Amino acid sequence: MTKEEAYILLSFHSCRNNDIENEKWENGFLGSLRPFQGKLYECNFIEIMECLKVLADDFMKPTINQTLLNDVYGIIHLGRRWIEGADFVTQEQQKQIIEWVDMIQDCFYYLLEEDIDTAFLEYKEYIIDNKER
């Protein structure tokens, strides 16, 4: 994945891309929550984390791209806001989404702190744990 592709994917996952006819807009991380179709897509979470890996060094520049910040923070803020206390998801689904949002948030924080190793530590463990299932 190129940096340009990562920026575009994050814009779809955050529903900030203007191409609302694109399937990725509707089925991306936030798009799949509003309206919720009853199914969670782990692939969206993984894609966001892989985008963050590709863009990790962009967080360490003296000036961070505003679009990048807005997209990542939007995914975190709205993902949590839309799902907490929602009656349209099961408790198990809510717990899963919050786990993903927490990992994205922690990664975002550590990238801003320029600590790449810690940023992806929890995600690496998540991938290992899920491969064993």
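For the structure, check the block above.
Fair warning: this is a prediction, and the values are worked out from it, not measured in the lab.

Student: Lay out the pattern of salt bridges with the relevant residues and their values.
Tutor: Applying the stated rule across the entire model yields seven salt bridges. Residue Lys-3 pairs with Asp-58 through a salt bridge whose shortest N-O separation is 2.4 Å. Taken together, the residues span a long stretch of sequence, with Lys-3 in helix H1 (residues 3-13) and Asp-58 in the loop between helix H3 (42-54) and helix H4 (66-83) at a distance of 55 residues. Owing to a relative accessible area of 31%, Lys-3 belongs among the partly exposed residues under this scheme. Given a relative accessible area of 4%, Asp-58 falls into the buried group.

Student: Break down empty space enclosed by the protein for me, with residues and values.
Tutor: Applying the stated rule across the entire model yields one cavity of 30 Å³ or more. Size it by volume and the largest cavity reaches roughly 60 Å³. Lining the largest cavity are Phe-29, Ser-32, Leu-33, Leu-40, Tyr-41, Asn-44, Ile-97 and Trp-100. For the lining of the largest cavity, the class distribution of residues is six nonpolar, two polar and no charged.

Student: Quick one: what's the story with the nonpolar core, residue by residue and with numbers?
Tutor: By size, the foremost hydrophobic cluster in this structure holds 38 residues, and its most contacted members are Leu-10, Phe-45, Leu-52, Val-72, Ile-104 and Phe-120. Only H1, H3, H4, helix H5 (91-112) and helix H7 (121-131) provide two or more residues apiece to this core. The residues contacting Phe-45, other than those within four sequence positions of it, are Phe-29, Trp-100, Met-103, Ile-104, Tyr-123 and Tyr-126.

Student: I'd like a rundown of the side chain of Ser-11, residues and numbers included.
Tutor: Relative to the helices and strands, Ser-11 is located in helix H1. Look past the residues within four positions of Ser-11 in its chain and what remains in contact with it is Arg-16, Asn-17 and Asp-71.

Student: Hey, could you go over the packing of H1 against H4 for me, with residue numbers and the actual values?
Tutor: One way to put it is that H1 packs onto H4 with a least axis distance of 9 Å and a crossing angle of 40°. In terms of orientation, H1 lies oblique with respect to H4. Note that H1 runs across H4; the crossing there is left-handed. Side by side, H1 and H4 meet where Tyr-7, Leu-10, Ser-11 and His-13 of the first sit next to Leu-68, Asp-71, Val-72 and Ile-75 of the second. Tallied by class, the residues present in the contact of H1 with H4 amount to five nonpolar, two polar and one charged.

Student: Break down unusual backbone geometry for me, with residues and values.
Tutor: Arg-34 connects to Pro-35 through a cis peptide bond whose omega is -10°. Within the fold, Pro-35 resides in the loop between helix H2 (23-27) and H3. Its identity as a non-glycine residue notwithstanding, Glu-114 has a phi of 65°, on the positive side. Relative to the elements of secondary structure, Glu-114 occurs in the loop between H5 and helix H6 (116-119).

Student: How would you sum up the packing of aromatic side chains? Please name residues and give values.
Tutor: Two descriptors summarise a pair of aromatic rings, namely the distance from one centre to the other and the angle between the planes of the rings. Following the criterion strictly, the structure yields seven aromatic pairs and no others. Ring geometry for Phe-45 and Tyr-123: centres 5.8 Å apart, planes at 75°, overall edge-to-face. Here Phe-45 is found in helix H3, whereas its partner Tyr-123 is found in helix H7, with 78 residues between them in sequence. When sorted by exposure, Phe-45 lands in the same class as Tyr-123, which is buried. The interplanar angle of 80° and the centroid separation of 5.2 Å between the aromatic rings of Phe-45 and Tyr-126 together place this pair among those described as edge-to-face. Here Phe-45 is found in helix H3, whereas its partner Tyr-126 is found in helix H7, with 81 residues between them in sequence.

Reading the values: the criteria
Residues numbered from 1 in each chain as written. Predicted model: local features only at pLDDT ≥ 70, side-chain atom pairs only at ≥ 80, totals over all residues. Heavy atoms only, no water. Salt bridge = Lys/Arg side-chain N within 4 Å of Asp/Glu carboxyl O. Helix = DSSP H or I, 4+ residues; strand = E, 2+ residues; numbered from the N terminus. Buried < 20%, exposed > 50% of the residue type's maximum accessible area, 1.4 Å probe, protein only. 1 Å grid on protein atoms, 1.4 Å probe; cavity = no way out; pocket = protein on both sides within 12 Å on 5 of 7 lines; lining within 4 Å. Points joined across faces, edges and corners; volume = space filled by probe spheres on them. Nonpolar A, V, L, I, M, F, W, Y, C, P; charged D, E, K, R; others polar. Core = buried A, V, L, I, M, F, W, Y, C linked by side-chain atoms within 4.5 Å. Contact = heavy atoms within 4.5 Å. Axes fitted to C-alpha atoms, helices over the stretch in contact; angles between N-to-C directions. Parallel < 35°, antiparallel > 145°, perpendicular 65-115°, else oblique. Left-handed = near helix turned anticlockwise from the far one by under 90°. Phe/Tyr/Trp six-rings, centres within 6.5 Å; stacked < 30°, edge-to-face > 60°.

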